[in-house]
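Chains, contacts and geometry: an overview
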Amino acid sequence: MLTRRCRPWLGTLVEVEAECVTAIEAGFAAIERVHTLMSAHQPMSEISRLNRGERVEISPDTCAVLDRALFWFAASDGIFDPVVAGRSAIERGALPLHPGQALPERSSDLRLLRMEGSMAWLERPAYLDLGGIAKGHAVDAAVRAMRMAGARSGLVNAGGDLAVFGQPRGIEVVDPSTRAPLLHVRLEDRALATSAGVRNDKGLSFVHLPRRCSRLASVTVESAHAIDADALTKIVLAGHPRLSGLLAAADARALAIANTGDIFDMCADRLAA
Amino acid sequence: MARSTDWFAIIPAALIAPAPASATVYLSIPAAQQAFFPGAQMVDRKIALSPAQRKAIAKTAGASGTDQVQRIWEAKAGGKRTGWFILDRVIGKHEYITYAVALSPDGAVRGLEILDYRETYGGEVRNANWRRQFSGKKPGQSLKLERDIRNISGATLSSRHITDGVRRLLVTYQMLLAGS
């Protein structure tokens, strides 16, 4: 008998499912930890301290996410960039500028991030927004915590960044315009992430995805880890020219829903040119 | 890596969409009360709010949406108050969320659980391109939308309405319950 709970974290609704409440609580504790460390909305998070120009002794969680962000920044030739994402979020007022935080420089990118041991800092004024990767890490961390707590089967879904272990589960990928289910995916011991337009009065908005390729409405990536699936959705949406290689690097696969409603298997690079 | 085109079971989830809504129930009211206050006696303390009170709450909290009756229970164990359980709902453009907040006797948030979640889809549930693309293919199992959709990956839902709702409940607590 599986139990499922849902709580607001990471700016979205997070669902955690397992056989016992102890494992569910362990999963939510990990989600809360990642939220507290990496939310750019919270003035005392490690990320907000970095954004104020502090040298910060970062936690293993933040270190893991920044490491992976640097990996995908390099692998994607700069397409995946939490500093560019942060600058864009500041410009449209989606994230706050906390007291003591300088406006990011216009040309800032992730190369301004320095990491030495457990210390990290930004060399010049920049704004890190880990919204494109930290939810994935939170999902992975929750799965690890639930397994440690003895769960044999479970699911964590943070607003579309999700992972399952144990018993396989069916996932519906929804149409971003209508949220009606479009695709059925069977997932077993794997992670899945979807990035898509957000519907509003005028249709779909993509302001939160500054580098989107205009032909795609939604991208879904399946991978071993949610952190990679999460980051890769943004790279696929931007239309990287060597997508197959990047997906292979994370043993990942991608599927896209185009504006026309057609579905593309992105492993074949059909839309990526 | 082997190229594969069938790694996702590409199944049109619903060729003809039934009622355009989905609902997920996580917890009943008694189950949520039990989760927050195990073994406690739950005393119904619901409050009818006047229009003036609702207006004052909305102004202070910066968030409207208070119902005419705020459903509140006092948790008691051994004759002593152990906390408050407040039931509330938020209504977004497309979603209806019932949630409960547990407060300590002095009004600090001890926990929050979403009890159920319901959303309506946009007007255009299925477009012609989709039907064309899959015509002649195996339709797969059709979904009974009210029941079967458990796991959704797609456009992220914002938790902003809930954050606003909790702020409104804390103002309600300060105005009506604190010191009671």
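Scroll up to find the structure this text is about.
Figured I'd write up the structure that's included with this text.

Rules used in this analysis
Residues numbered from 1 in each chain as written. Chains lettered and ligands numbered in written order. Predicted model: local features only at pLDDT ≥ 70, side-chain atom pairs only at ≥ 80, totals over all residues. Helix = DSSP H or I, 4+ residues; strand = E, 2+ residues; numbered from the N terminus. Buried ≥ 20, exposed ≤ 12 C-beta atoms within 10 Å, placed from the backbone. Contact = placed C-beta atoms within 7 Å. Rg over C-alpha atoms; globule rule 2.2 N^0.38 Å. Pairing = 2+ DSSP bridges. Axes fitted to C-alpha atoms, helices over the stretch in contact; angles between N-to-C directions. Parallel < 35°, antiparallel > 145°, perpendicular 65-115°, else oblique. Nonpolar A, V, L, I, M, F, W, Y, C, P; charged D, E, K, R; others polar. Expected span 1.5 Å × (residues − 1).

A few words on the overall build of chain B. Scanning chain B for helices and strands turns up five helices and eight strands. The N-to-C order of helical and strand elements in chain B reads β-α-β-β-α-β-β-β-β-α-α-β-α. The burial tally for chain B puts 33% of its 180 residues in the buried class. In chain B, once contacts between residues fewer than 6 apart in sequence are set aside, the share between residues at least 24 apart is 66%.

Right, let's get into the overall build of chain A. What chain A contains, in helices and strands, is seven helices and 15 strands. A globule of 273 residues ought to have a C-alpha radius of gyration of about 19 Å, and chain A, at 18 Å, matches this closely. Considered along the principal axes of its C-alpha atoms, chain A spans approximately 50 × 45 × 40 Å. Here chain A, with 273 residues, has 58% of them falling under the buried criterion.

Turning next to the sheet that holds strand S4 (residues 113–116) of chain A. Strand order in the open sheet formed by three strands is S3-S5-S4 (chain A), and the pairing between neighbours is antiparallel. Bordering the open sheet on either side are strand S3 (56–57) and S4 of chain A, each of which pairs with just one other strand.

So, about the packing of helix H1 (residues 21–38) of chain A against helix H3 (residues 60–75) of chain A. Two numbers describe a pair of packed helices, the interaxial angle and the distance between the axes. Residues and elements named next belong to chain A. Remark: H1 packs on H3, axes separated minimally by 10 Å, with the N-to-C direction vectors making an angle of 70°. Taken together, the axes of H1 and H3 are roughly perpendicular relative to one another. Between H1, through Arg33, Val34, Leu37 and Met38, and H3, the contact on the second element is made entirely by Asp61, Thr62 and Val65. By residue class, the composition of the contact of H1 with H3 is four nonpolar, one polar and two charged.

Residue and element names in this part refer to chain A. Relative to the 26 Å expected for 18 residues at 1.5 Å per residue, H1 spans 26 Å between its end C-alpha atoms, a close match to the ideal helical length. If you check which residues of H1 are buried, you get Ala23, Ile24, Ala26, Gly27, Phe28, Ala30, Ile31, Val34, His35, Leu37 and Met38. Buried-residue contacts for H1 involve strand S1 (3–9), strand S2 (12–18), helix H2 (46–51), H3, helix H5 (134–148) and strand S6 (154–158).

Strand order in the open sheet formed by three strands is S9(A)-S8(A)-S8(B), with mixed pairing between adjacent strands. Pairing within the sheet leaves two strands with one partner each, and these edge strands are strand S9 (181–187) of chain A together with strand S8 (152–153) of chain B. Where strand S8 (residues 169–174) of chain A lies against S9 of chain A, six bridges are found, and the strand directions are antiparallel. Bridging across to S9 of chain A, Glu172 of chain A finds its partner in His184 of chain A.

On the secondary structure map, Ala256 of chain A appears in strand S14 (residues 253–258). According to the C-beta neighbour criterion, Ala256 of chain A is buried, with 25 such atoms within 10 Å.

A word on unusual backbone geometry. All names here are of chain A. In this structure, Leu10 is a non-glycine residue whose phi angle is positive, near 55°. Exposure remark for Leu10: the 22 C-beta atoms within 10 Å place this residue in the buried category. The residue Asp77 is not glycine, and still its phi comes out positive at about 55°. With respect to the helices and strands, Asp77 occurs in the loop between H3 and helix H4 (82–91).

The subject of this paragraph is the environment of Leu246 of chain A. Residue and element names in this part refer to chain A. Positionally, Leu246 belongs in helix H7 (residues 243–249). We classify Leu246 as buried; it has 24 C-beta atoms within 10 Å. For the pair Leu246 and Gly132, spaced 114 residues apart in sequence, the C-alpha separation works out to 17 Å. Sequence-distant contacts of Leu246, defined by excluding residues within four places in its chain, comprise Ala75, Ser76, Leu232, Ile235 and His240.

Our focus in this paragraph is the pairing of S14 of chain A. Residues and elements named next belong to chain A. Summarising burial for S14: five of the six residues are buried, a large majority. When S14 meets strand S15 (residues 263–265), the two strands line up antiparallel, connected through three bridges. Looking at the pairing, Leu255 lines up with Asp265 of S15. Hairpin connection of S14 to S15: four residues between the antiparallel strands, including Gly261 at a positive phi of 95°.

Now for the pairing of strand S4 (residues 69–77) of chain B. All names here are of chain B. Sheet topology note: the strand S2 (residues 41–44)/S4 ladder contains four bridges and is antiparallel. Paired with Val43 across the bridge in S4 is Glu74. Sheet topology places strand S3 (residues 47–48) next to S4; two bridges connect them, and they run antiparallel. Counterpart to Ile47 in the pairing with S4 is Gln70. In this structure, S4 lies alongside strand S5 (residues 80–91), joined through seven bridges in antiparallel fashion. The residue of S5 that forms the bridge with Arg71 is Leu87. From the end of S4 to the start of S5, which pair antiparallel, there are two residues, and Gly78 there has a positive phi angle of about 60°.

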